[in-house]
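Understanding the architecture of this molecule
Here is what each chain is made of, one letter per residue.
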Amino acid sequence: MSADRDGRPGHAVTIAALAVVVFLQVPVLVVVLAAFSTTSYLTIPPQGLTLAWFGKVLGDPTYLSALRMSLILACGSTALSLILGVTAAYALFRRSVPGAEAITAVLMAPLVVPAVVVGVALLQYFSLTGLRGSFVGLLMAHVVITVPYVVRSALASLAGLDLAVEEAARVLGATGFEAFRLVTLPLITPGLVAGGLFAFITSLDNVPVTIFLISASQTTLPVLIFSSVEMGIDPGVAAVSTILIVATGIVLLLAERRFGFHRFV
Amino acid sequence: MIRRRHGLLLVAPLGLVLAGFFIAPVLMLVPTSFGEYVPGAGIAKGVWTLENYARIITDDYYREVIWRTLGLGLAVTAACLVLGYPLAYLIARGPERWRVPLILLVIFPMMLNLVVRSFGWIALLANRGLVNNLLMQLGVIATPLKLMFNMTGLMIGLTHIYLPFMVLMLVAAIRNVPRDVEAAAATLGSTRIHVFASVTLPLSAPGILAGSILVFVLTVSALVTPRMLGGPTYKVMATLIYDEYMQLLDWPSGSALSFALTAITLAIIWLSGRVARRWAGQP
Amino acid sequence: MSALVFEGLGKSYGETTVVREVSLTIGEGEFVSLLGPSGCGKTTILRMVAGLVEPTRGRILLGRDDITRLPPNRRGLGLVFQSYALFPHLTVYENVAFGLRRRKVGGAELDRRVSEALAMVRLSGFGDRHPRQLSGGQQQRVAIARAIAPRPRVLLFDEPLSNLDAQLRDEMQIELKRLQRELGITTLFVTHDQGEALSMSDRVGVMARGVMQQFATPEEIYHRPATAFVASFIGKPNRLAGRVAFRAGAGGRVAVGSIELAAARIDEASGAAIEIVIRQEAIGLRPGGGAEDAVGGTIVLRSFSGARVQYVVRLADGIELVAETPSHGALAALEPGAGVALDIAPEAVLVMPVEGAAA
């Protein structure tokens, strides 16, 4: 690899790298183009532009209810993961739990086991316990797959914390909980926002677990797109995808503006 | 001081949730994998067999799928490394003002819905997709290239999906390489390429390993992209498990395959941990 | 009346004992330093007082109250951390108000007491800043203001000056001492810097390896060290191995090789192997040398350090001593090779039992 004398990337590296950046954006651009294209398959140049697919999708109760379901699920599981994950990470961080390392490994395990395996395991489990197709079951499944992200970011944020700061609060008269709420929590909030955002997106993105657990009446948006693609390409899917692309972009930029999000990935 | 009792109380809620909704379900899958599938009736009661596991090793079709999955994992990992390293190097060592925009451009597709990204590749790679359309318009080809429902499609799609993970791991690794050591090598008379090969690359090896393991494990476990770009016939392990459960309703076979897939990922992670420890000079 | 009492206070982590049975009494308004090298247990004692570390044995009394098992928030102490431990997300005002708010002080009273505390550390008008906008010295002052604002019964300092540069450290020493006198707050100050401990304290506790070596006034610590460790830790010592030549009354003469020195106080038996500690600043120099009652030697090295000059003097038998003099006058201009006579007062020859473990 060529590099300047001081280790800066040379022209060849820069060009290769920028080509890779373009490669990363290509399918995104294609989806957006398809959403505005009049034909059901894409051509360059597009044969005509239309907003019809957006109108179709936004008027389609199937899509709207799937979107609503996805958002409820993502919000619920993120909130639960944050509460459960932060409390557990805090106890682990303060080394007030025997076997902290083993416990941390268990908390991270859902990241290691393939999602499809978690999916089929829960499918059988919920079939046996009668939770199959229930919202609670689905919510808990999403907590399981999102909580490692929260635990990880909480542990990382806590590791960067000066322990003395919390001790100072204690000596100044704060109870343990007050010290956490008034000092520790505000200081780890940026990291938690990043972890929470990852959890949210993981939930919103999930197919391999969700697809085994949903009932006919409560599908999520990615599962709906996944199944409709099996039927063939539909520009409506492109329109829905474009909405998701724009929403993701906005959230990412906001998170970057407010918290310097790129530091947490 | 918070006391142990309080610590356990804080960990307990999450522990219970994971025990109830992760550990118990996975453990309860174990007996299923030793059960016997009776078509139309489900699992035979009181019959225990190793047949489901034996078939994974002996059955030609299963073997082919497993080898394909592992090969795909290796190929995607290699592709991500080759494509990811220059980009990571540019982010880590390039102009300061490019850093954040570049990182955001890497994160953006990563945060985007997997289904949406796979759909984008379908629009590009299908027989009537953008690539074939363009090539035919230009007269390069007469009939569409087969870019989907085969290794090519899965390679392209999965490389795109997991490349951001690799880049982020490599950026961290390259930034950890001390510039002083590189400068020292240069003052000792090394050429630029030699400095890179003898200092930068070995010192970023732990990050390369970590990124490779991550991409490999994610690739062999992937369901959505292989299903969307591979279709119902060109299968990998995850899509095979999906079909055993959803189409064939053969839960015993599906669960045995699930454990085989889990074993593969755990073995890879365990092995990489040993390699990393050896590099770090620990026993 | 005693403000703070340790009774057999000790701390062990498993097999490792960090603090061994420390007992002492600190009077109301007294400024006490704990001095020792890192790892001697002084910080552990401070943290036990603050309630951040639970003692393995012994008791801590605050006035008449046993606070040994009290959580830190119910002890009513002030603690200034080495890292300052300011709350980075809060303004200076809110940092100082933190302890007052926990004590349910509010409204105009809160305002008044925060301003008062900030005025005391000369940071009036800095209330709206955030800690990261302040210099190290200013952050230090905020940490002090935060600790004194709730009017603690005892003020604890954990190496508070070690992060400041030398000049600022000297300034803060004087300022801290003045503040403590004005407020009359009983103070426990932990440091590894003997200058800090000696100049600021009413009494100093010297610690080594978890054991309190000596607890006395700075003068006593300096002039009458109780153990070889204290003798060699305080001041700039020359350490020599020797033996007792003979005893006469409380003192006698000690021998180092062929050199004999008078010592004012010897507790060891005649002929016993001993360790002799002579401080660099306690050795007088006379040019020329060779006088009957003085030890003669040759200067081998001169080292100038501003206010002082140090000489390495080689004596008979190749024994070397370091002597220090002010850096002005004729004595400051001796060149290597010059012969000198050393004046060593009997009081300056500190005779200690050989203690293999003392280092």
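Residues numbered from 1 in each chain as written. Chains lettered and ligands numbered in written order. Predicted model: local features only at pLDDT ≥ 70, side-chain atom pairs only at ≥ 80, totals over all residues. Heavy atoms only, no water.

1. Points about the overall build of chain C
When its secondary structure is counted, chain C shows eight helices and 20 strands. Each principal axis of the C-alpha atoms in chain C carries an extent, and together these give about 80 × 45 × 35 Å. Buried positions account for 52% of the 359 residues belonging to chain C. Excluding contacts between residues fewer than 6 apart, the proportion of contacts in chain C whose partners are at least 24 apart in sequence is 65%. Only carbon and sulfur atoms are counted for the fraction: they give 51% of the accessible area of chain C, which is about 15300 Å². A distance of 7 Å separates the average location of the 41 positive side-chain charges in chain C from that of its 39 negative side-chain charges. (Helix = DSSP H or I, 4+ residues; strand = E, 2+ residues; numbered from the N terminus. Buried < 20%, exposed > 50% of the residue type's maximum accessible area, 1.4 Å probe, protein only. Contact = heavy atoms within 4.5 Å. Areas by Shrake-Rupley, 256 points an atom, 1.4 Å probe, with all protein chains shown as cover. Lys, Arg positive; Asp, Glu negative; His and termini not counted. Charge placed at Lys NZ, Arg CZ, Asp CG, Glu CD.)

2. Remarks on the interface of chain B and chain A
On the chain A side, the residues contacting the 86 residues of chain B number 93 residues. Summed over both partners, the interface of chain B with chain A comes to about 8300 Å²; 80% of that surface belongs to carbon and sulfur atoms. For the pair chain B and chain A, the interface holds zero salt bridges. Sorting elements by how many residues they give to the side of chain B that touches chain A places helix α1 (residues 4–33) of chain B first, with 19 residues. Taken together, the residues of the side of chain B that touches chain A sort by class into 65 nonpolar, 13 polar and eight charged. (Buried area = accessible area lost by both parts, 1.4 Å probe. Salt bridge = Lys/Arg side-chain N within 4 Å of Asp/Glu carboxyl O. Nonpolar A, V, L, I, M, F, W, Y, C, P; charged D, E, K, R; others polar.)

3. Points about the interface of chain C and chain A
Listed per partner, the contact involves 22 residues of chain C and 17 residues of chain A. Here chain C packs against chain A, burying approximately 1700 Å² in sum over the two surfaces, 67% of which is carbon and sulfur. When the area that chain C buries against chain A is broken down by residue, the three leading residues are Asn73, His89 and Arg102 of chain C, summing to 32%. Counting across the chain C and chain A interface gives five residue pairs in polar contact (both at pLDDT 80 or more). Elements represented by at least two residues in the side of chain C that touches chain A include exactly α1 (42–50), β6 (78–80) and α2 (92–102) of chain C. Looking at the side of chain C that touches chain A, the element that brings in the most residues is α2 of chain C, giving three residues. For the side of chain C that touches chain A, a count of residues per class yields 13 nonpolar, five polar and four charged. (Polar contact = N/O pair within 3.5 Å; in protein donor to acceptor, adjacent residues only side chain to side chain.)

4. Observations concerning the side chain of Asn52 of chain B
Residue and element names in this part refer to chain B. If you trace the backbone, Asn52 turns up in helix α2 (residues 51–58). Using a relative accessible area of 3% as the deciding quantity, one classes Asn52 as buried. Polar side-chain contacts of Asn52 include one of 2.8 Å to the backbone oxygen of Gly35. Side chain to side chain, Asn52 and Arg55 meet in a polar contact 3.4 Å long. If we ignore the near neighbours within four places in the chain, the residues touching Asn52 are Thr32, Ser33, Phe34, Gly35, Pro252, Ser253 and Ala256.

5. Side note on the domain arrangement of chain A
All names here are of chain A. Domain boundaries in chain A define domain 1 (1–50) and domain 2 (60–264). With seven residues of domain 1 in contact, the opposing surface of domain 2 contributes seven residues. The junction of domain 1 with domain 2 conceals about 520 Å² of combined surface from both sides, 81% of it contributed by carbon and sulfur atoms. Joining domain 1 to domain 2, the criterion identifies zero salt bridges. Run the count over domain 1 and domain 2 and you get zero residue pairs in polar contact (both at pLDDT 80 or more). Here the side of domain 1 that touches domain 2 is composed, by residue class, of five nonpolar, two polar and no charged. (Domains from an automatic or database assignment.)

6. A closer look at the packing of aromatic side chains
Counted by the stated rule, this structure contains 18 aromatic pairs over all chains. Considering the side-chain rings of Phe23 of chain A and Trp121 of chain B, the 5.7 Å spacing of their centres and the 45° angle between planes classify their relative orientation as tilted. Of the two residues, Phe23 of chain A sits in helix α1 (residues 11–36) while Trp121 of chain B sits in helix α5 (residues 114–125), which places them in two different chains. Taking 4.6 Å as the distance between ring centres and 45° as the angle between the ring planes, the aromatic pair formed by Phe87 of chain C and Phe98 of chain C counts as tilted. Separated by eleven residues along the polypeptide, Phe87 of chain C in the loop between β6 and α2 and Phe98 of chain C in helix α2 bring together distant segments of the chain. Both residues of the pair, Phe87 of chain C and Phe98 of chain C, count as buried. (Phe/Tyr/Trp six-rings, centres within 6.5 Å; stacked < 30°, edge-to-face > 60°.)

7. Observations regarding the pattern of salt bridges
Residue and element names in this part refer to chain C. Inspection of every chain in the model, using the stated rule, returns 33 salt bridges over all chains. Arg112 is the partner of Glu109 in a salt bridge, and the nearest nitrogen-oxygen pair spans 3.2 Å. Of this pair, Glu109 and Arg112 both sit in helix α3 (residues 107–120), three residues apart, which is roughly one turn of that helix.

8. A word on the environment of Thr219 of chain B
Residues and elements named next belong to chain B. Tracing the sequence through the fold places Thr219 in helix α10 (residues 205–221). It is 15 Å that separates the C-alpha atoms of Thr219 and Leu209, two residues lying ten residues apart in sequence. Look past the residues within four positions of Thr219 in its chain and what remains in contact with it is Leu72, Gly73, Val76, Leu158 and Tyr162. A polar atom in the side chain of Thr219 sits 2.6 Å from the backbone oxygen of Val215.

9. Comments concerning the sheet that holds strand β9 (residues 203–208) of chain C
Residues and elements named next belong to chain C. Judged by pairing direction, the sheet is mixed, and its six strands sit side by side in the order β6-β7-β8-β3-β9-β10 without closing on themselves. Bordering the open sheet on either side are β6 and β10 (211–216), each of which pairs with just one other strand. Direction aside, neighbouring strands of the sheet carry axes that sit 15° apart on average. (Pairing = 2+ DSSP bridges. Axes fitted to C-alpha atoms, helices over the stretch in contact; angles between N-to-C directions.)

10. Here's the deal with the environment of Ser305 of chain C
Residue position: Ser305 of chain C is located in the loop between β16 (295–304) and β17 (308–314). Of the residues examined, Ser305 of chain C reaches a relative accessible area of 47% and is grouped as partly exposed.

11. Description of a nonpolar patch on the surface
Residues and elements named next belong to chain A. Together, Leu58, Leu64, Leu67, Leu71 and Ile243 line one region of the surface with nonpolar side chains, adding up to about 380 Å² of accessible area. Of all the elements, helix α3 (residues 61–93) adds the most residues to the nonpolar patch, at three residues. If you trace the backbone, Leu67 turns up in helix α3. Residue classification places Leu67 among the partly exposed positions, given a relative accessible area of 30%. (Patch = residues over 30% accessible without salt bridge, like charges linked within 9 Å, V, L, I, M, F, W, Y side chains within 5 Å.)

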